[in-house]
Amino acid sequence: MKRKTLYSLLTSHKKNIFFGIIGLTMVDMMQLLVPILVGKVIDILASSKTDNFFLSDLNKYAFYLIICGVVMAIFRFVWRFFLLGTSRKIEKNLRDNYFSRVQNLTGASFQNHSPGDLMARGVNDIETIKMACGFGIVVAYDGIVLLTFIFISMFLISPIFTLYASGPFIIMSILIIKYGDIIERLFSNVQSSFSNLTEEARRIIYSIRVIKSLNDQEEQSNLFKKKSIHYESMNINLIKIWAGYQPLITFLSGLSIFIFIFFGSNMVLEGKLSIGDFSALMVYLTMLSWPVVAMGLAVDWLKRGNACLSRVDKIMTQDTEANEVGLARIEEIDKVSFDNVSFTKDSNNILSNINFNIKRGSSLGITGKTGAGKTTLINLLLKYSYSDNIKINNISINDIDKNSIRKKIVYVPQNPVIFSGTLAENVSFFEENPDENKIIECLRISGFINDLERMKNGLNEIVGERGVSLSGGQRQRVSIARAIYQNPEMIILDDTLSSLDVDTELQILRNIKDTFREKFLIVISSRVSTIFLFDEIIVLDSGEIVQKGSSKLLEEQEGLFKDLLAIQRILPGAIDAK
Ligand SMILES: Nc1ncnc2c1ncn2[C@@H]1O[C@H](COP(=O)(O)OP(=O)(O)OP(=O)(O)O)[C@@H](O)[C@H]1O
Ligand SMILES: [Mg+2]
């Protein structure tokens, strides 16, 4: 992808920028006219014209000055509307694109960037880019136009004097360019330190329960303080540069006025310069301080914007999941087959020679020790990792759109995610017009109905950030209800019932089996009892299927299933309860 620049962001809004620049130019022209009018008034005052003539001319110039004020007010509105409005549009587009890119990042890209870092880039950096595209452009243009026209106007009045006064401005231009590079580098450091600080805050808030249980608040506060001190020192480095930069520019600007008074007053005394021209030049020189400061600000904002754009662009060029165009979509699933599937990660064999079929109307249980590859197997089916030889309805999943697979095969992960919001929002997944009866039915299937009756606000109960007000088992059941609400063809529960007691687990499994009796059900569990009555069971060990068949068959075979069963039978009532 081509690297984005501030220029490329602006050129997609050419029309608005054009109108904005016209507005800004008009305001600048009016500003430049004011000293000329003031000079005229002073010359009239200094001359010995008749009272009548003098009065009528003063009225004329006063009227011109009022017109200038009115025109300035109108065009100030015009440039603000077009230029600052455009910067808001750029900010919105950038943020929308950034957000959708972040949503599609691959797992590996997420590993390289913490959520805090992604948040900082998406909020703070884009805000700075907006400033660069808005006020940054305004001050840059204003600075250049005013500087040029003030110098031309001064040159027309007195070329010699203009040459004397411009010496300090050449020094200033060199300084501005030099400082710009330093500012870009230092600001980049500030932003990356801010990313770290945001991530640290997120990490601490996210794990506050663990921190409290380990009574580790003081240590965590110190860790946060370290990041905070780093952020402060990065800012101070930047401020040091600024602190020297601004006074230097003001000093050089003052030096020009000093040169002017020194030479200009002599020129007036020698009769080479009228008092009116002297006053006009004086006004121009005082006016010069703004464009010079503006140029400094422009360099600062544009360099900051550039640094931030590079940081945002870094995310925009990270790997995302493949953009699938024109692939098949699935509606109904008849069959899923794994045909000699293997998966290697960082030269480790995670899965080897996996073979199995699952047909509509059947249930599959997957068991095995921790780390055997159970979750990885599902990740392949859902196209989170690439794999050959997996087929749905005899079509390779590589020829099927990933979103259509994930819509029809709903996976409930090991660690259920609960969003801050109401119970209803969590089940309907923030659907705009959720079906309340359907939500209740899903909660019934997932065994949550008794819990719901105990909730003061029913479906509108706020379940808090990450479900802090729910028990572990409740969180699991709400996430199962969410999956059922999607009305999928296949539901996959990955150790999702582990926090429940055996009776509750059995009841929920019955409900789910009944709901999915004409569809597909896959349950992963290291607890053999959970999948004991399933049509087919797969036993995984170190990435290989070591046993396959019904529980009746596996119970009689020597092997891992029998071993696991023997260990788990010791758990009171585990299998007998079934
Ligand atoms: N993104 C990854 N990068 C590298 N290795 C991984 C990755 N994900 C999983 N693994 C490795 O693959 C193996 C299988 O992991 P997997 O999560 O599939 O196991 P599991 O059977 O689901 O275990 P558990 O019962 O504990 O959930 C493990 O050794 C794990 O360390
Ligand atoms: Mg797992």
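What you see is a predicted model; the values in this text were computed from it and never measured. (Residues numbered from 1 in each chain as written. Chains lettered and ligands numbered in written order. Predicted model: local features only at pLDDT ≥ 70, side-chain atom pairs only at ≥ 80, totals over all residues. Heavy atoms only, no water.)

*Asks:* Hey, could you go over the coordination of the magnesium ion (ligand 2) for me, with residue numbers and the actual values?
*Replies:* Those donors, Thr375 (OG1) and Gln414 (OE1), are the protein atoms that reach the magnesium ion (ligand 2), and they lie 1.9 to 2.6 Å from it. Of the two residues, Thr375 is situated in helix 10 (residues 374-381) and Gln414 in the loop between strand 6 (409-412) and helix 12 (423-428); the sequence distance between them amounts to 39 residues. The exposure class assigned to Thr375 is partly exposed, which follows from its relative accessible area of 24%. (Donors = N, O, S within 2.8 Å, 3.2 Å for Na, K, Ca; no water. Helix = DSSP H or I, 4+ residues; strand = E, 2+ residues; numbered from the N terminus. Buried < 20%, exposed > 50% of the residue type's maximum accessible area, 1.4 Å probe, protein only.)

*Asks:* Please give an account of a nonpolar patch on the surface that cites residues and values.
*Replies:* Among the surface-exposed residues, Ile160, Tyr164, Leu248, Phe251, Leu255, Phe258, Phe262 and Phe263 lie close enough to one another that they form a single nonpolar patch of about 770 Å² accessible area. Counting only elements with at least two residues in the nonpolar patch, the list comes to helix 6 (159-206) and helix 8 (217-269). Element by element, the count of residues in the nonpolar patch is highest for helix 8, at six residues. Its place among the elements puts Phe262 in helix 8. (Patch = residues over 30% accessible without salt bridge, like charges linked within 9 Å, V, L, I, M, F, W, Y side chains within 5 Å. Areas by Shrake-Rupley, 256 points an atom, 1.4 Å probe, with all protein chains shown as cover. Salt bridge = Lys/Arg side-chain N within 4 Å of Asp/Glu carboxyl O.)

*Asks:* Which residues make up the pairing of strand 10 (residues 544-549), and what values go with them?
*Replies:* Where strand 9 (residues 536-541) lies against strand 10, five bridges are found, and the strand directions are antiparallel. By the bridge assignment for strand 10, Asp541 is matched with Glu544. Between the antiparallel neighbours strand 9 and strand 10 lie two residues, among them Ser542 with a positive phi of about 45 degrees. (Pairing = 2+ DSSP bridges.)

*Asks:* Provide a residue-level description of the domain arrangement of the chain, including the pertinent values.
*Replies:* Interfaces are frequently sized by the accessible area removed from exposure as the parts join. Per the domain assignment, the segments making up the chain are domain 1 (6-316) and domain 2 (335-569). Between domain 1 and domain 2, the C-alpha centre-to-centre distance is 56 Å. (Domains from an automatic or database assignment.)

*Asks:* Explain the site of ligand 1 to me, and be specific about the residues and the numbers.
*Replies:* Taken together, Lys345, Ile350, Thr370, Gly371, Ala372, Gly373, Lys374, Thr375, Thr376 and Gln414 make up all the residues around ligand 1. At 3.1 Å from an oxygen atom of ligand 1 is found a main-chain nitrogen or oxygen belonging to Ala372. The backbone of Gly373 places a nitrogen or oxygen atom 2.9 Å from an oxygen atom of ligand 1. In isolation ligand 1 offers 630 Å² of accessible surface; the protein chains occlude 58% of this area. Looking at the shell around ligand 1, the element that brings in the most residues is helix 10, giving three residues. (Near = heavy atom within 4 Å. Polar contact = N/O pair within 3.5 Å; in protein donor to acceptor, adjacent residues only side chain to side chain.)

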